[in-house]
Amino acid sequence: MSQKKTKVVVELTRRDILKVAGAAVGSAVAAQFLTTGPLSPFASLKQAQLERASQGAIDREKYHWGMVIDLDRCIGCEYCLRACCATNDVRSDRPWNIVVKDQTSGGRSFFFSRPCLHCQDAPCVEVCPVKATYVREDGLVVMDYDRCIGCRYCEVACPYDARRFNWEARSDENTFIPTWGMAEVDRRPRGVIEKCTFCIHRIDQGLAKGLMPGVDLEATPACVNICPVKARTFGNLKDPNSQISRIIADNPVFVLREELGTEPSVYYIPPKEGL
Amino acid sequence: MATTTLERKPLPFNLTPGMLAWLGLIGLCLVIGIVSAVQVFSKGLVLTAMSDKVPWGLWITIDLSAIALGAGAFTLSAIVYLFGLKRFQPIVRLAVFVGFIGYTTALLTLVMDIGRPDRFWHPWVYWNIHSVLWEITWCITIYLAIMILEFLPVVVDARLFDRVPYIRQARTAAHLLHKAAPVLALLGLGISLLHQSSLGATYGIVKSRPIWFKPSMPILFILSAVAVGPALTMAVAFVVEWITRFSGFGLLVYGYLKFWDLAAVTYYGRTPAVDNALYMLRTQTPYNFGFWVMEVILGIVIPAILFITPRFNRNPVYLVMGALMAVAGVIISRWDVTVSGLFVPLSYAPGTLYKLTPGRYFPNLVEWGIAVGIIGYDLLMLTLGIKFLPLFEQGKEHS
């Protein structure tokens, strides 16, 4: 009796295994089809997105957005920090854009400021386990807040301390608004990493309107526009005739921690007497 | 070499006062853990002592340690099924069980530690094959599946399920699975060697942090795991002598490589950045004490002596003591790696480090609460496993 049962059992098990395997493969195919195929609830959304993108027809390959900061010009007024905090609605105690006092080896003090350097070989991009941050075709290192899982590996790996984590849901009042500008982007949710974007929303919307970032104020990062001494210049590094390319060609420039090979998009003009 | 074989029945599980107290302790740990977890989930990681300067802390240490201490599973599976040392079979089931507890511990803590626990599945869907963390996530997932397959025959064998309908069919299927044990052991070995060393690479590849950025990091991680993982299994089983010898020699190799790393990599291969960073750590943080006293003496030298010298390794008390010390040594080394690397502030210009102050971090109440809860989970799993699963009866079905 029991032996008979066992025989039946083994066959049943085998068939069961096949059934389960079949169901698994089937549901995987179905899931793939439903999420990406024409039946997907996201299909129309995706289609609309694609159409909008192709209408603008911005060829991002033509650009490489960069910045030059002249350390001799900077007076340490922190206007860039404030405009950035207002425009991007950043917490003032954890700013994206920092300004610190530094000293040359000769003892003369100068001011040093630092946005995200938008490295072309960025350590943060390399370590992200979910590709929530990546280098876009136009050289910007962008964050996908909807994909970030908040593991903070990028924050650990960034050699320039440019990344900040949202440790809590924001409820603070931004005292830089409206004096230093209005918030142009949403606050980031709790649990994701954020950093300087080079005011990516201004660049994208500006280009769509036919404006040139770095030339037209509306398409240029807030920190560049507000600088009272024009210490910061923004523009397209791929265009040899842009203002930024000419400044880089005519001045001694350096990048931060060059030995790491991160290839930052932000160049610094050192003080005349050297660092 | 005398080998103590394990012929143990599951421990009697009568609700004696002692057992009640034990269960009460586990319950208390779990309550503390759950209360802390609810707090963290509702208010966010702001409740922890971590900051933008030191974004990783106690929980990452627990992740790393739990996975390292779970290494007994693949080490012993490989020894038995690949190198054919069948006499060590009685402990494999237990080793895989301990490994399973370790890996689930790591996953539980990781879910607490990431800012968006609701997106824990993203690494499986959104791939960044350049990220060592992505590779680790995948390896851990695959290895957890391998361990479940390895362990399934044990679970269905449990007497608890004797009256469950269809259990006989399930047992037949599971025993077919058991025939695949060598294949699973081989897969497990490959996957484990990958991710155990990648955990070291998580630190070793970060070029922005001078004292992490060195090629010896993965080697130190994997060797300490292979040496100490089996020792933990031994401590749980209480005593099996041969395995402590294996651990003892493993610790000696690990200890030697630690010196090699200190001399060849860190000292003779040093750069100004590493020099500055170590000077800062030694003068302003308890780095020297953690390294020499806790990691080297407590974690390597004493356990190696206890495991290898005949005077001590016949006495189970010394062996268990040694295993616990080695375990503590591994946990402390993971802690030291994590926090001392983050304590050194980032400096953009060479020669400015001395002007900066080192980062500060010590876990606060809610972080310890999660840690206590995790320990409660481990103890609960162990207690239930020893009570209900035939962990020590491997010999029966093969004789």
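Structure shown above.
Residues numbered from 1 in each chain as written. Chains lettered and ligands numbered in written order. Predicted model: local features only at pLDDT ≥ 70, side-chain atom pairs only at ≥ 80, totals over all residues.

A.B. asks: Could you clarify how one ought to interpret the overall build of chain B in this entry?
C.D. replies: Counting its regular elements, chain B contains 15 helices and zero strands. Whereas a compact globule of 399 residues would reach a radius of gyration of roughly 21 Å, chain B reaches 22 Å, a difference of no more than 12%. Dimensions along the principal axes, computed over C-alpha positions, put chain B at roughly 70 × 50 × 45 Å. Put simply, 78% of the contacts in chain B that link residues at least 6 apart link residues at least 24 apart. (Helix = DSSP H or I, 4+ residues; strand = E, 2+ residues; numbered from the N terminus. Rg over C-alpha atoms; globule rule 2.2 N^0.38 Å. Contact = placed C-beta atoms within 7 Å.)

A.B. asks: How should the interface of chain A and chain B be read in this particular structure?
C.D. replies: Put simply, an interface is often sized by how much accessible area is lost when its parts join up. Taken together, the contacts link 40 residues of chain A with 33 residues of chain B. Considering every element that reaches the side of chain A that touches chain B, the biggest residue donor is helix H1 (residues 2-36) of chain A, with five residues. For the side of chain A that touches chain B, the class distribution of residues is 24 nonpolar, five polar and eleven charged. (Nonpolar A, V, L, I, M, F, W, Y, C, P; charged D, E, K, R; others polar.)

A.B. asks: What's the story with the packing of helix H8 (residues 181-204) of chain B against helix H9 (residues 217-237) of chain B in this structure? I'm lost.
C.D. replies: Packed helices, taken two at a time, are described by the angle between their axes plus the distance between the axes. Residue and element names in this part refer to chain B. Running from N to C, H8 and H9 point in directions that differ by 135°, and their axes come no closer than 7 Å. Put simply, H8 runs oblique to H9. Note that H8 runs across H9; the crossing there is right-handed. On the side of H8, the interface is formed by Leu193, Gln196, Ser197, Ser198, Leu199, Gly200, Ala201, Tyr203 and Gly204, while H9 contributes Met217, Pro218, Leu220, Phe221, Ile222 and Ala225. Its residues placed into classes, the contact of H8 with H9 shows ten nonpolar, five polar and no charged. (Axes fitted to C-alpha atoms, helices over the stretch in contact; angles between N-to-C directions. Parallel < 35°, antiparallel > 145°, perpendicular 65-115°, else oblique. Left-handed = near helix turned anticlockwise from the far one by under 90°.)

A.B. asks: Explain the environment of Arg257 of chain A here, please?
C.D. replies: Residues and elements named next belong to chain A. Residue placement: Arg257 occurs in the loop between helix H8 (243-250) and strand S9 (266-269). Judged by local crowding, Arg257 falls into the buried class, with 20 C-beta atoms found within 10 Å. Put simply, Arg257 and Tyr160 are 97 residues apart on the chain and 8.6 Å apart in space, counted from C-alpha to C-alpha. (Buried ≥ 20, exposed ≤ 12 C-beta atoms within 10 Å, placed from the backbone.)

A.B. asks: Looking at this structure, I do not really get helix H3 (residues 79-87) of chain A. What am I missing?
C.D. replies: Every α-helical turn comprises 3.6 residues, leaving residues that sit three or four positions apart pointing alike. Residue and element names in this part refer to chain A. The buried fraction of H3 is high, at eight of nine residues. Along H3, the positions that sit buried rather than exposed are Cys80, Leu81, Arg82, Ala83, Cys84, Cys85, Ala86 and Thr87. On the buried face of H3, the contacting elements are strand S2 (98-103), strand S3 (109-114), helix H7 (222-226) and strand S8 (232-236). Backbone geometry just after H3 places Asp89 at a positive phi near 50°.

A.B. asks: Teacher, can you tell me more about the environment of Ala66 of chain B here?
C.D. replies: Residue and element names in this part refer to chain B. For Ala66, the location among the structural elements is in helix H2 (residues 58-69). Taking the C-alpha atoms as reference points, Ala66 and Tyr103, 37 residues apart in sequence, are found 6.5 Å from one another. Apart from the residues within four sequence positions on either side, Ala66 is in contact with Gly102, Thr105 and Ala106.

A.B. asks: Whenever I open this one, unusual backbone geometry confuses me. Can you help?
C.D. replies: Generally, phi is negative for residues other than glycine and the peptide bonds are trans, each holding for most cases. Residue and element names in this part refer to chain A. Between Ile177 and Pro178 the backbone carries a cis peptide bond, its omega angle lying at 5°. Locating Pro178 in the fold gives a position in the loop between strand S6 (164-165) and strand S7 (193-194). Even without being a glycine, His118 presents a positive backbone phi close to 45°. Inspection of the secondary structure assignment puts His118 in the loop between S3 and helix H4 (123-127). The backbone of Lys230 shows a phi angle near 50°, a positive value even though the residue is not glycine. In this structure, Lys230 sits in the loop between H7 and S8.

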